[in-house]
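Okay, here's what each chain looks like letter by letter:
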Amino acid sequence: MNKKYNLKFDLQFRCNNSKMIFDEFDENTSDFFMQITKQGEKVDISNAIPTLLVLKPSGVAQSQILEVKNNLVYGNLKN
């Protein structure tokens, strides 16, 4: 099952996003798109290198570099 999440992240204000649920053995099935704003105004992230850091239940940290598409941060979570 392919899961897609549209998220908002504001550098100044709190954003309430939907709960994201992932299964341990999901492989390339979860996509998320994040819009970055500051005080409600879109931030130009075309030159940014966004990185996702995931802390697994075992305590192991894993990171991956995300893509920027149409001024949205795009992530396709690996297993």
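Values in this document were obtained by computation on a predicted structure and should not be read as measured data. (Residues numbered from 1 in each chain as written. Predicted model: local features only at pLDDT ≥ 70, side-chain atom pairs only at ≥ 80, totals over all residues. Heavy atoms only, no water.)

A.B. asks: Tell me about the pairing of strand β4 (residues 51-55), residues and numbers included.
C.D. replies: Where β4 lies against strand β5 (residues 61-65), 5 bridges are found, and the strand directions are antiparallel. When the bridges of β5 are listed, Val 54 appears paired with Gln 62. (Pairing = 2+ DSSP bridges. Helix = DSSP H or I, 4+ residues; strand = E, 2+ residues; numbered from the N terminus.)

A.B. asks: Account for the side chain of Thr 37, naming residues and giving values.
C.D. replies: Along the chain, Thr 37 falls in strand β2 (residues 30-38). With sequence-adjacent residues up to four places away left out, Thr 37 is seen in contact with Phe 9, Asp 10, Leu 11, Lys 42 and Val 43. (Contact = heavy atoms within 4.5 Å.)

A.B. asks: Please give an account of the pattern of salt bridges that cites residues and values.
C.D. replies: It is possible for side chains bearing opposite charge to pair when their charged atoms get close. With the rule as written, the count across this model stands at 1 salt bridge. Glu 67 is the salt-bridge partner of Lys 69, the closest N and O atoms lying 3.8 Å from each other. Given the relative accessible area of 41%, Glu 67 is considered partly exposed. (Salt bridge = Lys/Arg side-chain N within 4 Å of Asp/Glu carboxyl O. Buried < 20%, exposed > 50% of the residue type's maximum accessible area, 1.4 Å probe, protein only.)

A.B. asks: Lay out the packing of aromatic side chains in plain terms, naming residues and giving numbers.
C.D. replies: Scanning the model with the defined rule gives 1 aromatic pair in all. Ring geometry for Phe 33 against Tyr 74: centres 5.1 Å apart, planes inclined by 40°, an arrangement best described as tilted. Here Phe 33 is found in strand β2, whereas its partner Tyr 74 is found in strand β7 (residues 72-76), with 41 residues between them in sequence. The exposure class of Phe 33 is partly exposed, given its relative accessible area of 23%. You can call Tyr 74 buried: its relative accessible area is 12%. (Phe/Tyr/Trp six-rings, centres within 6.5 Å; stacked < 30°, edge-to-face > 60°.)

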